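# Summary of the model geometry
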Amino acid sequence: MKKRKQIRGSQTPTPSPSPIPLDPNDLAPECIRVDKVYDWVFFANRYENKNFIPDEACRAAVSAALAAGQRVEVQTAPVNPADVSVSGSIIENGNPGKVLIVWTVPVEVTILIAGVAECSFTVRTQFTDEIMLCVPVGITNANLNIRATQVIATSGGVLMGPDPFGPMIPLKVVLCKDVQVEYPVKLEVLAKFCFPRPNNIPVPEERLQCDLSLLEFPRQCPGLFPVANCECQATALARNEDTEATFGSGATADLVTGLSTLRAEICQECSLGDSTWSYSFTDTEVGPTPAPTATGFQPDFSFTFDPSSIDRVTCGTDALTAVGEGIRYFDGAPEQLFYELQIFDAPTEGFRLILRNTANVVIFDSGVVDALVEFGECETFADLLGDIDA
């Protein structure tokens, strides 16, 4: 390794800097107001109903077509579950108690004679359910949250009906239903998602095929959000601190004296997203113009480095290490590198920056550099759960 002579100069800024303060974000008990779910049932039923044609001219045309033996078809449009009207009434409070639910389903019907649309109209068909739910005293109708999640309506064709109703439209409706009993409460909780129970009180009913994905919560984006809390946090501030850095590795490495400037805030508020830092190295062994040597001109090793990502932070006793990627601007040219930034509070306050190229070869090592450091532990969910278990 080649040793280069250090050029000393005034390197202490005036006035003296002070440490960057920590922004703590330790966990604390929280009280929230939420709707507690007392019961949650998801079930489905199939209903069949015969409905008369409301339009008099259409009834006459259909009757004539059926008498003449023409092909008469019925088409049903898809039903939006949001268009289904529903009301729930508590018949009897208890655990379980009895609840009456009335559903009104609007179905858009089109009648075709010989393939040609004759008329269209809306059929509103009603169905009722009596189900057993947890509805203790204090729960009212206003606490029932009832909705349809999926509606499948079909018709088998037109039937000849008795006078005075005339032709009848048979409708088959499959209704997938979500019923919840909710009441506002104030809680201090650790929570996870839950799912409904089957409608098995008092007797299990026939299971019908419904699209259960309509009940799924949107999946989180793992690795993107939410960001895991850091286990520690630190800040570091160094302005023109003496540095004996190594450029390159092995026998061809250069030992260069210079000045390091670092401003780092890692895991402020115990969040990796609140992290930022920057670094610059000033070569003090060269003047305004490169000096000639026996082998040519002496190069200027000064550079700046800006991280483009902070991939992870690991914590130790009174120290943390941040790793990621960034760009070094060396002689005006950008270069993508991997970094390892160590910040430590003991036995002395300082930092160390290591840069590697894409071949994972160390091309810069600042060595240990003095800095003003603030370091603190973060309280994580694991810590809190450990305290609870204790």
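What comes next is a walk through the structure. Everything numeric in this text was worked out from a predicted model, so none of it was measured.

What follows deals with the overall build of the protein chain. For the protein chain, the count of helices and strands is two helices and 22 strands. Buried residues in the protein chain amount to 39% of all 390 residues. When the accessible area of the protein chain is evaluated, it comes to approximately 22200 Å², of which 53% is carbon and sulfur surface.

A complete count under the given rule lists four disulfides for this structure. Note on cysteine connectivity: Cys 232 is disulfide-linked to Cys 315, with sulfurs 2.0 Å apart. On the sign convention where negative is left-handed, the bridge of Cys 232 and Cys 315, at about -90 degrees about the S-S bond, is left-handed. Of this pair, Cys 232 sits in strand E10 (residues 232-247) while Cys 315 is found in strand E16 (residues 312-316), placing the two residues 83 residues apart along the sequence. On the basis of relative accessibility, which here comes to 0%, the residue Cys 232 falls in the buried class. By relative accessible area, Cys 315 is classed as partly exposed at 29%.

A few words now on the side chain of Glu 285. By secondary structure assignment, the location of Glu 285 is in the loop between strand E12 (276-283) and strand E13 (292-293). The class of Glu 285 is buried, set by a relative accessible area of 8%. Looking at Glu 285, its side chain comes within polar contact range of the side chain of Thr 257, at 2.7 Å.

Quick look at the environment of Ala 253 now. Note that Ala 253 resides in the loop between E10 and strand E11 (254-266). Classification of Ala 253 as buried rests on a relative accessible area of 1%. Ala 253 sits 110 residues away from Ile 363 along the chain, and the two C-alpha atoms are 8.5 Å apart.

Attention now goes to the nonpolar core. Among the nonpolar cores identified, the biggest contains 40 residues, and Val 105, Val 109 and Ile 111 are the most heavily contacted of them. Secondary-structure elements contributing two or more residues to this core are strand E2 (32-52), helix H1 (56-67), strand E3 (72-76), strand E5 (94-113), strand E6 (116-135), strand E7 (144-154) and strand E8 (168-187). With eight residues, E5 is the single largest residue contributor to this core. Counting residues in each nonpolar core, the second largest holds 36 residues, with Ala 234, Leu 341, Ile 343 and Ala 371 among its members.

What follows is about H1. For H1, with 12 residues, the first-to-last C-alpha span of 17 Å sits near the 16 Å given by 1.5 Å per residue. Next to the buried residues of H1 lie E2, E3, E5 and E6. For H1, the N-terminal capping position is held by Asp 55, with its side-chain oxygen 3.3 Å away from the main-chain nitrogen of Ala 57. Once H1 finishes, Gly 69 follows within two positions and takes phi at roughly 80 degrees, a positive value.

On the secondary structure map, Asn 145 appears in strand E7. On the basis of relative accessibility, which here comes to 31%, the residue Asn 145 falls in the partly exposed class. Separated by 34 residues in the primary sequence, Asn 145 and Val 179 place their C-alpha atoms 5.9 Å from one another. The residues contacting Asn 145, other than those within four sequence positions of it, are Asp 178, Val 179, Gln 180 and Glu 182. One polar contact links Asn 145 to Glu 182, side chain to side chain, over a distance of 3.3 Å.

Attention shifts here to the pairing of strand E15 (residues 303-307). Summarising the sheet, E12 and E15 pair through three bridges and their orientation is antiparallel. Each residue of the ladder has a partner; that of Phe 281, found in E15, is Phe 303. Relative to strand E17 (residues 319-330), E15 runs antiparallel, the two sharing five bridges. Bridging from a neighbouring strand, Thr 304 pairs with Tyr 329 of E17.

This paragraph deals with the side chain of Thr 125. Residue placement: Thr 125 occurs in strand E6. For Thr 125, a relative accessible area of 2% corresponds to the buried category. There is a polar contact of 2.5 Å between the side chain of Thr 125 and the side chain of Asn 49.

Moving on: unusual backbone geometry. A cis amide bond, omega 5 degrees, links Asn 95 with the succeeding residue Pro 96. Tracing the backbone shows Pro 96 in strand E5. Of note in this structure, Glu 269 is not a glycine but carries a positive phi near 55 degrees. Structurally, the position occupied by Glu 269 is in the loop between E11 and E12. For Glu 269, a relative accessible area of 36% corresponds to the partly exposed category. Not every positive phi belongs to a glycine, and Asp 318 is a case in point at roughly 60 degrees. Inspection of the secondary structure puts Asp 318 in the loop between E16 and E17. Given the relative accessible area of 32%, Asp 318 is considered partly exposed.

Glancing now at the pairing of E8. Of all 20 residues that make up E8, 15 are buried, and the element is covered over most of its length. Pairing between E2 and E8: 20 bridges, direction antiparallel. By the bridge assignment, Phe 52 is partnered in E8 with Met 168. Sheet topology places E7 next to E8; 10 bridges connect them, and they run antiparallel. The partner of Ala 148 across the bridge, within E8, is Lys 177.

Thresholds, definitions, all that
Residues numbered from 1 in each chain as written. Predicted model: local features only at pLDDT ≥ 70, side-chain atom pairs only at ≥ 80, totals over all residues. Heavy atoms only, no water. Helix = DSSP H or I, 4+ residues; strand = E, 2+ residues; numbered from the N terminus. Buried < 20%, exposed > 50% of the residue type's maximum accessible area, 1.4 Å probe, protein only. Areas by Shrake-Rupley, 256 points an atom, 1.4 Å probe, with all protein chains shown as cover. Disulfide = S-S within 2.5 Å. Polar contact = N/O pair within 3.5 Å; in protein donor to acceptor, adjacent residues only side chain to side chain. Core = buried A, V, L, I, M, F, W, Y, C linked by side-chain atoms within 4.5 Å. Expected span 1.5 Å × (residues − 1). Contact = heavy atoms within 4.5 Å. Pairing = 2+ DSSP bridges.

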